[in-house]
Amino acid sequence: MTWCLRVYPTGVDEKNKDYVSLYLILLSCEKGSVWAKFEVCILNAKGEKCNTERIPSFSRILQYQALGFEKFIIRHTFLSLAQVLTPDDKFTVLCKVSVLQDSFSISGQNPRPAIKVTRCALEDDVGELWENSLFTDCCLLVAGHEFRAHKVILAARSPVFRAMFEHEMKVRLTNRVEIHDLDPQVFKEMMGFIYTGKASHLHSYSMASDVLAAADRCGLKGLKVMCEDALCRNLSVENAAHTLILADLHSIEHLKIQALDFITVYASEVSKTSGWMSMRESHPHLVAQAFHSLASTHRIFGALPFKQLKWSLRPTQL
């Protein structure tokens, strides 16, 4: 960046003619503006500072903007200062500029690196408490496996765990929670989310569907959304019926619509799968909903004139 120090020996205007005015001007800057403050003074023949003035706090300075003092020093006082003016009527002004910027350099010195704010490591630090069982105060028993955890974190993240620690006398006295009908690996995935907000193994359809049930059971809405997203991305002919059952069981409307749309498109293939056969027996109302969705689609196409229907199908056939 380039600066200009402008001095008006007889004042910047008529009303300040009895003063010496002084301004610092930003002539050029890559970003168009900087945050800066500055201090200015006169140096006498001995190198001592006289009449120091300063802008004490950082201000945003735009290109070509002037910042300074219209009444820097009274003119007759300036002229009477001993040993300020040299025999050839010259004087020295010292101006020190401080700039807030990503990085900057000073003539004759190495560039100063930018101060970089490090990534917040909260999730890593809290996750370490879980991974290494540090400072735990409760035990969770899952299918014969013991997991050490922290009541305050469980209570903060899950309304179900919070209710246990607040209202269940046995849990309050023993700090021990028994969780039935849950696979330890699924539990570990859920606990990873509780401690870090992450779930790294949902790319597996079976894991996503099992974790969805655990998340719904423990009131973990964020984890349910993550599972829903994973299941939508992994929809297939083989798992479409099972996905529809899951969506209905856990009241996930968007996933249910996705599954119904998928079944409508691939009805012939889905109807031959074991999942569909099983759903016919266990969830007949879902079969009825799937047929309704399919019938609605046929009604839409049936309402179109033959020529329009043929035209609308053409892009799909290309």
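Look up a bit, the structure's there.
What you see as residue numbers is a count from 1 along each chain, following the sequence as written. Local features in this predicted model are restricted to residues whose pLDDT is 70 or higher, and side-chain atom pairs enter the listing and the counts only when it is 80 or higher, whereas totals over whole chains, interfaces and linings include all residues. Values reported for side chains reflect all heavy atoms of the structure, with hydrogen atoms and water molecules removed beforehand.

A separate point is the sheet that holds strand E10 (residues 176–179). By definition, two strands form a pair when at least two bridges between them are found by DSSP. Each helix corresponds to a stretch of at least 4 residues labelled H or I by DSSP, and each strand to a stretch of at least 2 residues labelled E; elements are numbered beginning at the N terminus. The strand order across the open sheet built from three strands is E9-E8-E10, with neighbouring strands paired in mixed fashion. Looking at which strands have only one partner, the edges of the open sheet turn out to be strand E9 (145–149) and E10. When strand polarity is set aside, the average angle formed by the axes of neighbouring strands in this sheet is 25°. When strand E8 (residues 138–142) meets E9, the two strands line up antiparallel, connected through five bridges. Its bridge partner lying in E9, Cys-139 is registered against Arg-148. Lying over the sheet, helix H4 (residues 159–167) contacts E8 and E10, oriented at roughly 130° with respect to E10. Throughout, an axis means a line fitted to C-alpha atoms (over the contacting stretch in the case of helices), and angles, computed between N-to-C directions, take values from 0 to 180 degrees. Here a residue-residue contact requires only that any non-hydrogen atoms of the pair lie within 4.5 Å.

Another aspect to go through is the side chain of Asn-16. On the secondary structure map, Asn-16 appears in the loop between strand E1 (2–8) and strand E2 (19–28). A relative accessible area of 0% places Asn-16 in the buried class. The contacts of Asn-16, once residues within four sequence positions are left out, are Thr-10, Gly-11, Ser-21, Glu-70 and Lys-71. Only protein chains enter the accessibility calculation, which uses a 1.4 Å probe; a residue whose area is less than 20% of its type maximum is buried, one above 50% is exposed, and one in between is partly exposed.

Next up on the list: unusual backbone geometry. Positioned with a positive phi, Tyr-64 is a non-glycine residue whose angle comes to about 70°. One can find Tyr-64 in the loop between strand E5 (59–62) and strand E6 (66–74). Judged by its relative accessible area of 60%, Tyr-64 is exposed. For Asn-175, which is not a glycine, the phi torsion comes out positive at approximately 55°. One can find Asn-175 in the loop between helix H5 (169–174) and E10.

Glancing now at helix H8 (residues 221–233). Between its terminal C-alpha atoms H8 stretches 19 Å, which fits the 18 Å expected from 13 residues at 1.5 Å a residue. Buried residues along H8 sit in contact with helix H6 (184–196), helix H7 (205–218), helix H9 (240–249) and helix H10 (253–265). For a helix, the expected span equals 1.5 Å multiplied by the number of residues minus one.

Spatially, three strands are ordered E1-E2-E6 in an open sheet, and the strand pairing comes out antiparallel. Because the sheet does not close on itself, it has two edges, and the strands there are E1 and E6. With direction set aside, neighbouring strand axes in the sheet form an average angle of 15°. When E2 meets E6, the two strands line up antiparallel, connected through six bridges.

Before going further, it helps to spend a moment on the nonpolar core. Nonpolar side chains in soluble globular proteins generally cluster together in the buried interior. Leu-140, Leu-154, Phe-161, Phe-187, Met-191, Ile-194 and Leu-223 are the most contacted members of the largest nonpolar core, which totals 44 residues. In terms of residues, this core owes the most to one element, H7, which gives eight residues. For Phe-161, the contacting residues outside a window of four places in its chain are Leu-140, Leu-154, Ala-155, Val-177, Ile-179, Ile-194 and Cys-218. We define a nonpolar core as any set of buried Ala, Val, Leu, Ile, Met, Phe, Trp, Tyr and Cys residues linked to one another through side-chain atoms lying within 4.5 Å.

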